[in-house]
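# A structural walkthrough
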Amino acid sequence: MPIRCFVLDDEPLATDLLSDYIGRLPDLHLVGVSNSPTQALLTLQQLSATGAPVDVLFLDIHMPRLTGFDLLRPLGYRPKVIFTTAYREYALDSYEFDVVDFLVKPISFERFLQSIGKIYRFLPTAVAQAELPPPSQKAREYQYFKVDKEMVKLDLADILWIESLKDYVRIHTKTAELVSYLRISYLEEKLPPDRFVRIHKSFIVALEHVQAISATYIRINNEELPIGRMYKARLDDVLTRSSPDS
């Protein structure tokens, strides 16, 4: 189930930036954007009343007529809140509201991804497990990836390895190569650690497709991918735990 997000900031440039960031991640769904705190409060209350409350609220603090702190008090329910502000001095006060994170403008995409990683640890079990199949069914695990203007569904079992292209990744599958607007660090957090492991700053591999391993490379689909020195210990640990003799 997508994570429902709402962005409130009195600066249109700030809402445009966060909307763009949210649109890059297939697990996030933008349900509302507002530059007016009073209108946003009404919208958030209406969404809650109809049984479709917001999961994550990106909330500016310093706004005219109603601050981010003022908005939270009468809201009636508490979504997971990520404060966004240009004023560092608000950081201490923000934690009175048990916020997930505090982002200081200008907000980079890398820093935004760190906040989203925290969200997964805070989400209720019901949201996190919403797409799990009934126990009687055996379903393949999958992820959606944004490719051009489409959301492409990929079975995890079909992914061979993932290659970093800075702000993009190239996903190598059994039948094709797809390019998605994502950082490899985000996928490292999102993919199941028992099935995927990062072996290099530029590569994540699917363990089930590994053909051979040496001290310096892993071979998958007859391609040799380098093992980075700083990732070797982590790889050795994963391989030890997955060994039948361990």
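Residues numbered from 1 in each chain as written. Predicted model: local features only at pLDDT ≥ 70, side-chain atom pairs only at ≥ 80, totals over all residues. Heavy atoms only, no water.

### A few points about the pattern of salt bridges
To be explicit about the condition: In what follows, salt bridge is the name for a side-chain nitrogen of Lys or Arg lying within 4 Å of a carboxyl oxygen of Asp or Glu. Each residue is assigned to one of three classes by its accessible area relative to the maximum for its type, calculated with a 1.4 Å probe on protein chains only: buried under 20%, partly exposed between the two thresholds, exposed over 50%. Helix numbers and strand numbers start at the N terminus; a helix is a DSSP run of H or I with at least 4 residues, a strand a run of E with at least 2.
One pass over the full model with this rule turns up 16 salt bridges. The partner of R73 in a salt bridge is D70, and the shortest N-O contact between them spans 3.3 Å. Judged by relative accessible area, D70 falls into the partly exposed class, the value being 33%. Taking the shortest distance from any N to any O, the salt bridge between R198 and E188 comes out at 2.9 Å. A residue pair is termed long-range when its members are at least 10 positions apart, and R198 in strand 11 (residues 196-200) and E188 in helix 7 (residues 184-190) qualify at 10 residues. Using a relative accessible area of 41% as the deciding quantity, one classes E188 as partly exposed.

### Considerations on the side chain of K105
Defined as follows: Throughout this description, a polar contact denotes any pair of N or O atoms lying within 3.5 Å of each other; where both atoms belong to protein, one of them has to be capable of donating a hydrogen while the other can accept it, and for residues adjacent in sequence the pair is counted only when both atoms sit in side chains. Contacts were defined at the residue level, with two residues in contact if any of their heavy atoms lie within 4.5 Å.
Tracing the sequence through the fold places K105 in the loop between strand 5 (101-104) and helix 5 (109-122). Reaching out from K105, the side chain makes a polar contact with the side chain of D9 at a distance of 2.6 Å. The residues touching K105, leaving out its near neighbours within four places in the chain, are D9, E11, A14, D60, T84, T85 and A86.

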